[in-house]
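# Observations on chain architecture
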Amino acid sequence: KKPAPDIYDFSLEKMNLKAEDCIAFEDSRNGILSSLGAHLKTIITTNDYTKDHDFSGAAIVLDQYGEPDSPFTVIEGDAHGFNYLNVDMIKALYSA
């Protein structure tokens, strides 16, 4: 159970993946503690219950994933010039 990283570790092992080749998506303090415990870069989206949580260590913290006509707001981090989450933005965050 989160915040333990066990589910991430188990999933990475079963899929034969390395943490440094993956990225996690979370929305809570326990979620990021779990993903960081498994050494995963993490993208956070907040919600009404978690908007005040400590997301230290996240690659980026957003209010939502956004859409081309409805951009996200960056709460913390660098969106690398993007205004909605897409594969190119994930690649930029991954390589940062």
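Bear in mind that the values here come from a model prediction, so they are computed numbers and not experimental data.

### Points about the sheet that holds strand β2 (residues 41-45)
Across the sheet, four strands lie side by side as β1-β2-β3-β4; this open sheet has mixed pairing. In the strand order of this sheet, the two ends are held by β1 (23-26) and β4 (74-77), each with one partner. Direction aside, the axes of adjacent strands within the sheet are offset by 15° on average. With three bridges joining them, strand β3 (residues 60-62) and β4 adopt antiparallel strand pairing. Each residue of the ladder has a partner; that of V61, found in β4, is E76.

### Quick look at unusual backbone geometry
Note the cis peptide between K2 and P3, where omega equals 25°. Within the secondary structure layout, P3 lies in the segment before α1 (6-14). Of note, H39 is a non-glycine position whose phi angle comes to about 65°, a positive value. The topology assignment puts H39 in the loop between α2 (29-37) and β2. A residue is classified by how much of its surface remains accessible, and H39, at 63% relative accessible area, is exposed. Positive phi values are uncommon outside glycine, yet H80 reaches one of about 55°. Looking at where H80 falls in the secondary structure, it is placed in the loop between β4 and α3 (87-95).

### A few points about the packing of aromatic side chains
Applying the stated rule across the entire model yields one aromatic pair. In this structure, K41 packs its charged tip against the face of Y94, placed 5.8 Å from the ring centre.

### Regarding the pairing of β1
Of the two faces of β1, the one lined by A24 and E26 is fully buried and the one lined by I23 and F25 carries no buried residue. When β1 meets β2, the two strands line up parallel, connected through four bridges. When the bridges of β2 are listed, F25 appears paired with I43. One crossover worth recording links β1 to the parallel β2 by way of α2, and it is right-handed.

### Some thoughts on the side chain of S35
As for its placement among the helices and strands, S35 is situated in helix α2. The class of S35 is buried, set by a relative accessible area of 0%. In terms of polar contacts, S35 uses its side chain to reach the backbone carbonyl oxygen of I32, at 3.2 Å. Those residues within four positions of S35 in sequence are excluded, and the remaining contacts are Y8, A24, E26, L40 and T42.

How each quantity is defined
- Residues numbered from 1 in each chain as written.
- Predicted model: local features only at pLDDT ≥ 70, side-chain atom pairs only at ≥ 80, totals over all residues.
- Heavy atoms only, no water.
- Pairing = 2+ DSSP bridges.
- Helix = DSSP H or I, 4+ residues; strand = E, 2+ residues; numbered from the N terminus.
- Axes fitted to C-alpha atoms, helices over the stretch in contact; angles between N-to-C directions.
- Buried < 20%, exposed > 50% of the residue type's maximum accessible area, 1.4 Å probe, protein only.
- Phe/Tyr/Trp six-rings, centres within 6.5 Å; stacked < 30°, edge-to-face > 60°.
- Lys NZ or Arg CZ within 6 Å of the ring centre and 35° of its normal.
- Right-handed = clockwise from strand over helix to strand, strands pointing away.
- Polar contact = N/O pair within 3.5 Å; in protein donor to acceptor, adjacent residues only side chain to side chain.
- Contact = heavy atoms within 4.5 Å.

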